Amino acid sequence: MSDAPYLIVGGGTIGLSLGWTLARRGADVTLVERDRAGRGTSWLAAGMLAPDAEIGFEELELYRLSRESLSRWPDFVRDLEADADMAVDYRDDGTLIVADDPDSEEALRRLYDFQTEHGLNVTWCSGAEAREIEPFLAPRLAAAIHAPMDHQVDNRLLLKALRVAFQNAGGTLHEGTEVEAILPNEDTPGIRLTNGEILTGQAVVVAAGVWSRELDGWTPEHTPSVRPVKGQMLQCTMQGAFELSHVIRGPDAYLAPKSNGRLVIGATSEERGFDTTVTAGGLYDLLEGAWEVVPGIYDLPVDDTWAGLRPASRDHAPLLGPSGDPGIWCATGHYRHGILLTPVTAQEMARQLLDGETSDLVAPFLPSRMHATTPSAP
């Protein structure tokens, strides 16, 4: 193995988990983060691990990747909690996808038929049956799908643990250090920082989320086609007798309860560029959508609101592998699935970098699939 380090640009869940995985395998890894590691888009997520609930009608390869990643989560958590000496609140309570009127019930039935056609472990429930599983659901719900294999994690604890585990494994972390440009080179690829300093290594992995395509140095045909999709969210504190146990996904909002009492409600989906303004309209839509399916939130205190930027590729699937520019690799474009895809991304990217192997699982997500046409501005 070369003495030169692997350079990772971006300290979210993808960059940190890849850095930790590489370092655990004995690689020299340097991670560069423009702000604080773990405090960007990944910090603002809800931590849902829900491939069955989120399966798309035309996204079966992405579903396969997501299911594989979910299957790796228990071992991933075991190793991470051991290396970081802290818990990450991994929960396997399952998800309830609910319909609150006849129209949404019809849409839910189409989803259920599609799920069962593809062999998913899901159950159709009447409103009464759903309330037996989760008593805090609205009394007049039309129907629900119970997806017991969908899990969740506290993404903020996850990020704290990854930061600790990465450094405990010998990784070098540079925070508050902004990368200006990538420097493609077959033998000594590198990055140029905004202060003019140049770092070189044996490979550069760009895991900078929505900022990936903003770096200088890409050739036009290999610039990652990643754009920001805004998502507004809010957080309540569960108190008194209110204690939601399952992730609830309604037609217009989802609710993700955490063991420390946080209740995360999200999320809008807005094409607003890099705008992160929290708006009254966005919060109103979320609160109304959440209240329709779990009316008990009405009296809960709201203690935080925010807007994050999801990194979306043109086909809403991740870019995992060599970028096409020599020495530069991509691990970006995870859109709404970054937390879910963390284990499989870290492990399969490490496999490509260290072993030179690309599994059939990851092959559909190589960045080269985007090279057939010239990337256009979003």
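Just so we're clear, the structure is a prediction, and the values are computed from it rather than from any experiment. (Residues numbered from 1 in each chain as written. Predicted model: local features only at pLDDT ≥ 70, side-chain atom pairs only at ≥ 80, totals over all residues. Heavy atoms only, no water.)

**Student:** Help me out: how do you make sense of the overall build of the protein chain in this one?
**Tutor:** Along the protein chain, the regular secondary structure elements total eight helices and 19 strands. Over its C-alpha trace the protein chain gives a radius of gyration of 21 Å, about what one expects of a compact globule, namely 21 Å for 378 residues. Projected onto the principal axes, the alpha-carbon positions of the protein chain cover approximately 65 × 40 × 40 Å. When burial is assessed residue by residue, the protein chain has 55% of its 378 residues classed as buried. In the protein chain, 74% of the contacts between residues at least 6 apart in sequence involve partners at least 24 apart. Of the roughly 15,500 Å² of accessible surface on the protein chain, 46% is carried by carbon and sulfur atoms. (Helix = DSSP H or I, 4+ residues; strand = E, 2+ residues; numbered from the N terminus. Rg over C-alpha atoms; globule rule 2.2 N^0.38 Å. Buried < 20%, exposed > 50% of the residue type's maximum accessible area, 1.4 Å probe, protein only. Contact = heavy atoms within 4.5 Å. Areas by Shrake-Rupley, 256 points an atom, 1.4 Å probe, with all protein chains shown as cover.)

**Student:** Explanation requested: the nonpolar core in the structure shown.
**Tutor:** Considering soluble globular proteins, one finds that nonpolar side chains tend to be buried as a cluster. Among the nonpolar cores identified, the biggest contains 48 residues, and I8, L22, L65, W73, L80, L158 and V205 are the most heavily contacted of them. Going through the elements one at a time, β1 (6-9), α1 (13-24), β2 (29-32), α3 (60-84), α6 (155-168), β12 (203-206), β19 (328-332) and α8 (342-355) are the ones with two or more residues in this core. At eight residues, the largest contribution of residues to this core is made by α3. Sequence-distant contacts of I8, defined by excluding residues within four places in its chain, comprise G15, L18, G19, L22, V29, T30, L31, V32, V205 and A207. Counting residues in each nonpolar core, the second largest holds 25 residues, with L96, L255, I265 and I297 among its members. (Core = buried A, V, L, I, M, F, W, Y, C linked by side-chain atoms within 4.5 Å.)

**Student:** For this particular structure, what's the right way to read α6?
**Tutor:** It helps to recall that an α-helix has 3.6 residues per turn; residues three or four apart then point in one direction. In this model α6 runs 20 Å from its N-terminal to its C-terminal C-alpha over 14 residues, within 8% of the 20 Å that 1.5 Å per residue would give. Those residues of α6 lying buried are N155, R156, L158, L159, A161, L162, A165 and F166. The backbone nitrogen of R156 lies 3.0 Å from a side-chain oxygen of the residue at the head of α6, namely D154. After α6 finishes, the residue G170 shows a positive phi value of roughly 105°. (Expected span 1.5 Å × (residues − 1). Polar contact = N/O pair within 3.5 Å; in protein donor to acceptor, adjacent residues only side chain to side chain.)

**Student:** Is there a simple way to think about the packing of α3 against α8 in this case?
**Tutor:** At a minimum axis distance of 7 Å, the contact between α3 and α8 shows a crossing angle of 90°. The orientation of α3 with respect to α8, classified from their angle, is roughly perpendicular. Where α3 approaches α8, its residues L65, E68, S69, R72, W73 and F76 are matched on the opposing element by T342, P343, V344, Q347 and E348. Across the contact of α3 with α8, the residue classes tally to five nonpolar, three polar and three charged. (Axes fitted to C-alpha atoms, helices over the stretch in contact; angles between N-to-C directions. Parallel < 35°, antiparallel > 145°, perpendicular 65-115°, else oblique. Nonpolar A, V, L, I, M, F, W, Y, C, P; charged D, E, K, R; others polar.)

**Student:** Got a minute to help me understand the environment of A50 in this structure?
**Tutor:** By the element assignment, A50 lies in the loop between β3 (48-49) and α2 (51-54). Accessibility expressed as a relative area gives 2% for A50, which makes it buried. In contact with A50, not counting residues within four places along its chain, are D150, H151, R249 and L340.

**Student:** Sorry if this is basic, but what is going on with the pairing of strand β4 (residues 95-99) here?
**Tutor:** Side-chain positions along a regular strand alternate between the two faces of the sheet. Within β4, five of the five residues are buried, which leaves the element mostly enclosed by the surrounding structure. By the alternation rule, side chains of β4 split into T95, I97 and A99 and L96 and V98, which are all buried. Here β4 pairs with strand β6 (residues 143-147) via five bridges, running antiparallel. What sits directly across from L96, in β6, is H146. (Pairing = 2+ DSSP bridges.)

**Student:** Help me out: how do you make sense of the sheet that holds strand β16 (residues 262-266) in this one?
**Tutor:** Sheet strands pair by backbone hydrogen bonding; their relative direction is either parallel or antiparallel. Taking strand neighbours across the sheet as the criterion, the eight strands line up as β5-β6-β4-β14-β15-β16-β13-β17 in an open arrangement whose pairing is mixed. A strand with exactly one partner marks an edge of an open sheet, and here the two such strands are β5 (123-126) and β17 (302-313). Each strand axis lies, on average, 25° off the axis of its neighbour in the sheet, ignoring direction.

**Student:** Hey, could you run me through α8 in this one?
**Tutor:** Relative to the 20 Å expected for 14 residues at 1.5 Å per residue, α8 spans 19 Å between its end C-alpha atoms, a close match to the ideal helical length. Most of α8 sits out of view: 10 of its 14 residues are buried. Within α8 the residues assigned to the buried category are T342, P343, V344, T345, A346, E348, M349, A350, Q352 and L353. Summarising the contacts, the buried residues of α8 are in contact with β1, α1, α3, β12, β18 (319-322) and β19. Positive backbone phi, approximately 70°, marks G356, located one or two places after α8.

**Student:** Hey, could you run me through the packing of aromatic side chains in this one?
**Tutor:** Centre distance and the angle of the planes are the two values used to describe a pair of aromatic rings. The tally for this structure, following the rule as stated, stands at seven aromatic pairs. Relative to Y90, the ring of W73 lies with its centre 6.0 Å away and its plane at 15°, an arrangement referred to as stacked. In this pair, W73 is assigned in helix α3 and Y90 in the loop between α3 and β4, connecting sequence segments 17 residues apart. By relative accessible area, which is 22% here, Y90 ends up partly exposed. Here the aromatic residues W20, W73, F76 and Y90 are joined through ring pairs into a cluster of three or more. Across from the ring centre of W211, 4.2 Å away, lies the NZ or CZ of R34, which sits over that ring. (Phe/Tyr/Trp six-rings, centres within 6.5 Å; stacked < 30°, edge-to-face > 60°. Lys NZ or Arg CZ within 6 Å of the ring centre and 35° of its normal.)

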